[in-house]
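Spelled out from the first residue to the last, the chains are:
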Amino acid sequence: IEYIRSYYYNKVNDVKFSSSLGKFVGFTEVGVKQADQWNSDAAYLAALNAQKETYCLNNVDIDHRNI
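In every chain, residue numbers begin from 1 and rise along the written sequence. With the structure being a predicted model, the display of local features is reserved for residues of pLDDT at least 70 and the display and counting of side-chain atom pairs for 80 or more, all residues being used for whole-chain, interface and lining totals. Side-chain descriptors were evaluated using all non-hydrogen atoms of the structure, hydrogens and water having been removed beforehand.

Caption draft 1: Region of the structure containing the overall build of the chain. Per the secondary structure count, the chain includes two helices and three strands. Starting at the N terminus and ending at the C terminus, the chain contains elements arranged as β-β-β-α-α. Computed over its C-alpha atoms, the radius of gyration of the chain comes to 14 Å, more than 25% above the 11 Å expected for a compact globule of 67 residues. Overall, the chain is about 40 × 30 × 15 Å in size when its C-alpha atoms are taken along their principal axes. A 1.4 Å probe rolled over the protein chains alone gives each residue an accessible area, and that area as a share of the maximum for its type sets the label: buried under 20%, exposed over 50%, partly exposed in between. Looking at the chain as a whole, 19% of its 67 residues qualify as buried. Two residues form a contact once any of their heavy atoms are found within 4.5 Å. Of the contacts formed within the chain by residues at least 6 apart in sequence, a portion of 27% connects residues at least 24 apart. Note that His is not counted, nor are the chain ends; the positive residues are Lys and Arg, and the negative ones are Asp and Glu. By convention, the point assigned to a charge is CZ for Arg, NZ for Lys, CD for Glu and CG for Asp. Positive and negative charge centroids in the chain, built from 7 and 8 side chains respectively, lie 3 Å apart. Helix and strand definitions follow DSSP, with helices as H or I runs of at least four residues and strands as E runs of at least two, each counted in order from the N terminus. In this treatment the radius of gyration is a C-alpha quantity, and the globule benchmark scales as 2.2 Å times the residue count to the 0.38 power.

Right under this line is the structure:
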């Protein structure tokens, strides 16, 4: 299970957070700068990693029952 949060601007994926990597990855020049800034904030990264448990792990059973 992986939690992904993507940020788009003008239909272009600028930045993506992946819980499997545990950090942000930038895809554009602006996105790389933003990812570096967000990756330097340990509290923000910890909060996003906790989102995996909040959203994914609590709902995975619901999704599998509906299949």
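Caption draft 2: Structural context of the pairing of strand S3 (residues 23–26). Direction of pairing for strand S2 (residues 12–18) relative to S3: antiparallel, over a ladder of four bridges. Paired with Phe17 across the strands is Phe24, a residue of S3. Counting the residues between successive antiparallel strands, the hairpin from S2 to S3 contains four residues, one of them, Gly22, with a positive phi of roughly 75°. Any two strands are treated as partners once DSSP identifies two or more bridges connecting them.

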